Amino acid sequence: MAHTTIKVDSTVRDRLAALAAEKNTTIARLVSDFAERTPTKAETVERTARTLEVLREMSGYTPTPEQDRVADAELARRLGGAA
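Everything numeric here is computed off the predicted structure, so don't read it as measured data.

Below, the discussion takes up the overall build of the protein. Scanning the protein from terminus to terminus reveals four helices and zero strands. For the protein, the α and β elements follow one another from N to C terminus as α-α-α-α. A compact globule built from 83 residues would reach a C-alpha radius of gyration of about 12 Å, whereas the protein, at 19 Å, exceeds it by more than 25%. For the protein, the C-alpha atoms occupy an extent of roughly 50 × 35 × 20 Å along the three principal directions.

Structure below.
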């Protein structure tokens, strides 16, 4: 596997080192794990579409755009605006 260098501020490097140490791993593994586990926007859109299709198939439920908006707003509220 080829390796590369990523330039970050020293404060970011130090934080990554602390996080890696807490998890008993390396910064490289920490960054790799993040990249592997974090979906892109396109992947999120695809997963959402698949989930909605299963929901429709299993329950017949097809939310309207307004129902989606309300549900998204409620989720954001419950997560403290983090959604």
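With that out of the way, let us pick up a nonpolar patch on the surface. Judged by side-chain polarity, Ile6, Val8, Val12, Ile27 and Val31 come together as a nonpolar surface patch covering roughly 370 Å² of accessible area. By secondary structure assignment, the location of Ile6 is in the segment before helix H1 (10–22).

Okay, unusual backbone geometry next. Despite not being glycine, Asn24 has its phi angle at roughly 55°, a positive value. Locating Asn24 in the fold gives a position in the loop between H1 and helix H2 (27–37). Assessed through its relative accessible area of 72%, Asn24 is described here as exposed.

Another aspect to go through is the pattern of salt bridges. This structure, assessed with the given rule, holds eight salt bridges. For the salt bridge of Asp14 with Arg13, the shortest nitrogen-to-oxygen distance reads 2.8 Å. Among the ionic contacts, a cluster of salt bridges with common partners joins Arg29, Asp33 and Glu36.

Low-pLDDT portions of the prediction should not be read for the details of their coordinates. Taken as a whole, the protein shows an average pLDDT of 92; of its residues, 96% reach a score of 70 or greater. Element-level pLDDT for the protein is lowest in helix H4 (residues 65–78), with a mean of 91, against a maximum mean of 98 in H1.

Glancing now at the environment of Val12. Following the sequence through the fold, Val12 ends up in helix H1. Between the alpha carbons of Val12 and Gly60 there is a distance of 48 Å; along the sequence they are 48 residues apart.

It is worth spelling out the environment of Thr26 at this point. Positionally, Thr26 belongs in the loop between H1 and H2. As for Thr26 and Leu16, which are separated by ten residues in sequence, their C-alpha atoms are 8.8 Å apart.

Definitions and cut-offs
Residues numbered from 1 in each chain as written. Predicted model: local features only at pLDDT ≥ 70, side-chain atom pairs only at ≥ 80, totals over all residues. Heavy atoms only, no water. Helix = DSSP H or I, 4+ residues; strand = E, 2+ residues; numbered from the N terminus. Rg over C-alpha atoms; globule rule 2.2 N^0.38 Å. Patch = residues over 30% accessible without salt bridge, like charges linked within 9 Å, V, L, I, M, F, W, Y side chains within 5 Å. Areas by Shrake-Rupley, 256 points an atom, 1.4 Å probe, with all protein chains shown as cover. Salt bridge = Lys/Arg side-chain N within 4 Å of Asp/Glu carboxyl O. Buried < 20%, exposed > 50% of the residue type's maximum accessible area, 1.4 Å probe, protein only. pLDDT = per-residue confidence, 0-100.

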